[in-house]
Amino acid sequence: MMEQTKTYLSKTVDQLKPSGIRRFFDLAAGMEGVISLGVGEPDFVTSWSVREAAILSLEQGYTSYTANAGLLELREEISQYMYKYFGVQYSPKTEIIVTVGGSQALDISLRAIIDPGDEVIVVEPSFVSYAPLVTLAGGTPIHVQSLKENDFKIMPFQIEAAISDRTKAIMICSPNNPTGTMLSKSDLEEIGRIAEKYDLLIISDEIYAELSYDEEFTSMAAIPEMRKRTLLISGFSKGFAMTGWRLGFVCAPEELSAAMLKIHQYTMMCAPTMAQYAAIEALRNGRNDVEEMKKSYRRRRNYFVQSLNEIGLDCHIPGGAFYAFPSIESTGLTSEQFAEQLLIKEKVAVVPGNVFGESGEGHVRCSYASSMEHLQEAIKRIKRFLNSL
Ligand code: PLP
């Protein structure tokens, strides 16, 4: 008989499933000639002046820790940027923390507010890390499903129906990963009214704020009375094409920021110094490049989403981010089967919708942050794949 070995792992971690996106990356990595629409990152290299600023910081020998919350100079730039472009005002000294990506901002925002057993409403389909981060913080994610028939816009009554005595916060993301759906000002106002009625916090992931194509983006914190309830997550990865720099930030009222800063100082000390110098340059002189990238994504979105619909994959028009989330229900395949067979037969990598939550089933996520040639070739291959079924 096999000896029973003791597991040293935390039960919470042991029961956590690895990200479903990884499996497809690993599958695709071993193949040649794959067109990947799987990765959620810009295909642009970070602007040269931004890279140069990091190089200069190294030449000048700026290699030590910064203040825990980040270089004050950077926080001042973030404060001005948030006011100028999104109409929200945060004090650089007490209400902004520079983090290691939006990812860490999400983590500290949840850990700062959750006690064991607290519930957090997670609107899905959602970015893969939301529910696991709630669990790791000791909370319970309560899933609320946005639906295809509403172009994946969450209906406020659905949120209200999920609220219990244990609810602490509502997590939203607009423009959304994986659906590209944007919440309008009036959608945010309605969600805000619910937060107010039940005295809840809102974790508003606004990391794709720069990438809205049809409507003007509205920040949750810009909705009257919402600033005091909002932990605003953002960063440089998407809009400024800086995924590898690992730089994000979180803005929140002083009491919440002070709580997050405690976690940040004990676990991270500070975000990478050279990346912070790069970000100062991105905010000071990077706007034109952001606008150019945005124009390019919009062109590609228009082509790609129209083409998906033409070849028979029903897809709503995503108002922001760089994802198309077509329905593959007409094929009769599950999203896993579709993604796996498309990869094996036609070497196009997409992400099955179920990895973003149950309501993502029947869909796949395609990132159109890929060259026009790749997108055209991908459409050709997907069409051939559909014909072969
Ligand atoms: N939030 C959303 C919705 C995302 O899609 C991502 C990355 O894909 C992140 C946060 C984290 O981004 P980063 O840690 O690179 O800033």
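Because the structure is a prediction, the values reported are computed rather than measured. As a convention, each chain's residues are numbered from 1 in the sequence order in which they are written. In keeping with the predicted nature of the model, local features appear solely for residues at pLDDT of at least 70, side-chain atom pairs appear and are counted solely at 80 or more, and the whole-chain, interface and lining totals rest on all residues. Based on all heavy atoms of the structure, the side-chain values leave hydrogens and waters out of the count.

## Details of the overall build of the protein chain
Formally: Elements are defined by DSSP. Helices are runs of H or I of four residues or more, strands are runs of E of two residues or more, and each kind is numbered from the N terminus. In this setup the radius of gyration rests on C-alpha atoms only. A globule is expected at 2.2 Å times the number of residues raised to 0.38. With a 1.4 Å probe rolled over the protein chains alone, any residue whose accessible area is under 20% of its type maximum counts as buried; one over 50% counts as exposed, and the rest are partly exposed. A contact between two residues is defined here by any heavy atoms of the two lying within 4.5 Å. Asp and Glu are treated as the negative residues and Lys and Arg as the positive ones, with His and the ends of the chain left uncounted. Note on charges: their place is set at NZ of Lys, CZ of Arg, CG of Asp or CD of Glu.
From N to C terminus, the protein chain includes 13 helices and 12 strands. What you see for the protein chain is a C-alpha radius of gyration of 21 Å, in line with the 21 Å of a compact globule of 389 residues. Taken along its principal axes, the extent of the C-alpha atoms in the protein chain is 60 × 60 × 50 Å. Burial status across the protein chain gives 56% buried among its 389 residues. Counting only contacts in the protein chain whose residues sit at least 6 apart along the sequence, the fraction spanning at least 24 positions is 75%. Computing the positive centroid from 38 side-chain charges and the negative centroid from 49, the protein chain places the two 2 Å apart.

## Brief notes about the side chain of Glu210
Take Glu210: it is sitting in the loop between strand S6 (201–205) and strand S7 (230–235). Ignoring any residue separated from it by four or fewer positions in sequence, one finds Glu210 in contact with Tyr81, Phe86, Gly239, Phe240, Arg287, Val290 and Lys294.

## Notes on the sheet that holds strand S12 (residues 364–367)
To be explicit about the condition: For two strands to pair, DSSP has to find at least two bridges joining them.
Across the sheet, 3 strands lie side by side as S9-S12-S11; this open sheet has antiparallel pairing. Here the strands that pair on one side only, and so sit at the sheet edges, are strand S9 (323–324) and strand S11 (351–352). Pairing geometry for S9 and S12, over 2 bridges, is antiparallel. Residue pairing for S12: Ala324 is matched across the bridge by Cys366.

## Details of helix H13 (residues 372–388)
Since the α-helix packs 3.6 residues into each turn, any two residues three or four apart lie on the same face. Keep this limit in mind: Helix span is expected to be 1.5 Å times the residue number reduced by one.
In this model H13 runs 24 Å from its N-terminal to its C-terminal C-alpha over 17 residues, within 8% of the 24 Å that 1.5 Å per residue would give. Among the residues of H13, Leu375, Ala378, Ile379, Arg381, Ile382, Phe385 and Leu386 are the ones counted as buried. If you follow the buried residues of H13, they end up packed against strand S1 (35–36), helix H11 (287–310), helix H12 (335–346), strand S10 (348–349) and S12.

## A short note on the domain arrangement of the protein chain
Rules: In this document the domain limits rely on a domain assignment from an automatic tool or a database. Buried area counts how much accessible surface, traced with a 1.4 Å probe, disappears from two parts once they are put together, with both parts' losses summed. Criterion for a salt bridge: a side-chain nitrogen of Lys or Arg within 4 Å of a carboxyl oxygen of Asp or Glu. Each residue is assigned to one class: nonpolar for Ala, Val, Leu, Ile, Met, Phe, Trp, Tyr, Cys and Pro, charged for Asp, Glu, Lys and Arg, and polar for all the others, Gly among them.
Taken domain by domain, the protein chain consists of domain 1 (11–46 + 288–388) and domain 2 (48–285). With 37 residues of domain 1 at the contact, the number on the domain 2 side is 37 residues. Across the interface of domain 1 and domain 2, roughly 3100 Å² is buried in total on both sides, 59% from carbon and sulfur atoms. Contact with domain 2 buries surface across domain 1, with Thr46, Phe356 and Ser359 losing the most and accounting together for 21% of the total. Taken together, the connections running from domain 1 to domain 2 amount to 2 salt bridges. With its nearest N and O atoms 2.8 Å apart, the salt bridge here joins Arg301 to Asp214. Listing elements by their share of the side of domain 1 that touches domain 2, those giving two or more residues are helix H1 (11–15) and H11. Looking at the side of domain 1 that touches domain 2, the element that brings in the most residues is H11, giving 6 residues. Considering only residue class, the side of domain 1 that touches domain 2 consists of 18 nonpolar, 12 polar and 7 charged.

## Things to note about empty space enclosed by the protein
Convention followed: With a 1 Å grid laid over protein atoms only, a set of points is called a cavity when a 1.4 Å probe fits there but cannot get out and a pocket when it is open yet has protein on both sides within 12 Å along at least five of seven lines; lining residues have an atom within 4 Å of a point. Grid points are joined across faces, edges and corners, and a volume is the space filled by probe spheres set on the points.
As enumerated under the stated definition, the model contains 3 cavities of 30 Å³ or more in all. As a volume, the largest cavity reaches approximately 90 Å³. Contributing to the lining of the largest cavity are Val123, Ser146, Phe152, Lys153, Ile154, Ile172, Cys173, Asn176, Thr181 and Leu183. For the lining of the largest cavity, a count of residues per class yields 6 nonpolar, 3 polar and 1 charged. Lining the second largest cavity, in full, are Tyr81, Met82, Phe86, Glu206, Ile207, Ala209, Glu210, Leu232, Ser234 and Gly235. Secondary structure elements with two or more residues in the lining of the second largest cavity: helix H4 (72–86) and S7. Taken together, the residues of the lining of the second largest cavity sort by class into 6 nonpolar, 2 polar and 2 charged.

## What to know about the pattern of salt bridges
Where charged atoms of side chains with opposite charge meet at close range, the side chains can pair. The full count for this structure, using the stated rule, is 22 salt bridges. A salt bridge links Asp118 to Lys168, with the nearest nitrogen and oxygen atoms 2.8 Å apart. Residue Asp118 is found in the loop between helix H5 (101–113) and strand S3 (119–124), and its partner Lys168 is found in strand S5 (residues 167–173); the two are separated by 50 residues along the sequence. On the accessibility criterion, Asp118 (7% relative accessible area) is buried. On the accessibility criterion, Lys168 (26% relative accessible area) is partly exposed. Lys295 is the partner of Glu292 in a salt bridge, and the nearest nitrogen-oxygen pair spans 3.2 Å. Of the two residues, Glu292 and Lys295 are both situated in helix H11; the distance of 3 residues between them amounts to about one turn of the helix. Residue classification places Glu292 among the partly exposed residues on the basis of a relative accessible area of 46%.

## Some details on the site of the ligand
This is how the line gets drawn: Proximity is defined per residue: if any heavy atom of the residue lies within 4 Å of a molecule or strand, that residue is considered near it. We define a polar contact as two N or O atoms separated by no more than 3.5 Å, with the added condition that, inside protein, one atom must be a possible hydrogen donor and the other a possible acceptor, whereas residues neighbouring each other in sequence contribute only through side-chain atom pairs. Each accessible area is a Shrake-Rupley estimate made with a 1.4 Å probe; only the visible protein chains count as cover when residues are assessed.
The environment of the ligand is made up of 14 residues, and the closest members are Gly102, Ser103, Asp205, Ser237 and Lys238. For the ligand, an oxygen atom lies 2.7 Å from a polar atom in the side chain of Ser237. Against a free-state accessible area of 400 Å², the protein chains account for coverage of 93% of the ligand. With 4 residues, H5 is the largest single contributor of residues to the shell around the ligand.

## Looking at the sheet that holds S3
The line we're drawing: Simply put, an axis is a line fit to the C-alpha atoms, just over the touching stretch for a helix, and the angle between two N-to-C directions goes from 0 to 180 degrees.
Strand order across the open sheet formed by 7 strands is S2-S8-S7-S6-S5-S3-S4, with mixed pairing between neighbours. The open sheet is flanked by strand S2 (96–99) and strand S4 (140–145), the only strands paired with a single partner. Each strand of the sheet is rotated relative to its neighbour by a mean of 20°, with strand direction disregarded. Together, S2, S6, S7 and strand S8 (248–251) form the strand contacts of helix H9 (residues 254–267), whose direction differs from that of S2 by roughly 30°.

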